[in-house]
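Listed here are the chains, written in short residue letters.
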Amino acid sequence: MKYIAMRRYEYIKAAIFSLTLLTCTFIIICYAFSQNRYNIVLGSELNANGTVEYMCLGSGCDVMNRMTWHDK
């Protein structure tokens, strides 16, 4: 019984460590995207009235009104 309890304890420690690493990685990636001054466009859609809708990541997506492929 002691062996099983010890294995269970090691498994729980490994699972907590893995979840901590994944959580830290996710937080760092979210922070990097929120501090990015450039938008990452995932896709666009041309509407019938001539306007374009963007599916994008970044902090400036709400004010994005036109597509440019390069910086000015």
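Fair warning: this is a prediction, and the values are worked out from it, not measured in the lab.

## Some remarks on the overall build of the protein chain
Here is step 1: Counting secondary structure elements, the protein chain contains 1 helix and 2 strands.
Here is step 2: For the protein chain, the sequential pattern of α-helices and β-strands runs α-β-β.
Here is step 3: Relative to its full complement of 72 residues, the protein chain shows a buried share of 3%.
Here is step 4: In the protein chain, of all internal contacts separated by at least 6 residues, the share reaching a separation of at least 24 is 17%.
Here is step 5: Surface accessibility of the protein chain: about 6,800 Å² in total, with carbon and sulfur atoms responsible for 64%.

## Considerations on a nonpolar patch on the surface
Here is step 1: Together, Ile 29, Phe 33, Ile 40, Leu 42, Met 55 and Leu 57 make up a nonpolar patch on the protein surface, roughly 520 Å² of accessible area in all.
Here is step 2: Among the structural elements, Leu 42 can be located in strand β1 (residues 40-46).
Here is step 3: Here Leu 42 falls in the exposed class, since its relative accessible area comes to 51%.

Definitions and cut-offs
Residues numbered from 1 in each chain as written. Predicted model: local features only at pLDDT ≥ 70, side-chain atom pairs only at ≥ 80, totals over all residues. Heavy atoms only, no water. Helix = DSSP H or I, 4+ residues; strand = E, 2+ residues; numbered from the N terminus. Buried < 20%, exposed > 50% of the residue type's maximum accessible area, 1.4 Å probe, protein only. Contact = heavy atoms within 4.5 Å. Areas by Shrake-Rupley, 256 points an atom, 1.4 Å probe, with all protein chains shown as cover. Patch = residues over 30% accessible without salt bridge, like charges linked within 9 Å, V, L, I, M, F, W, Y side chains within 5 Å. Salt bridge = Lys/Arg side-chain N within 4 Å of Asp/Glu carboxyl O.

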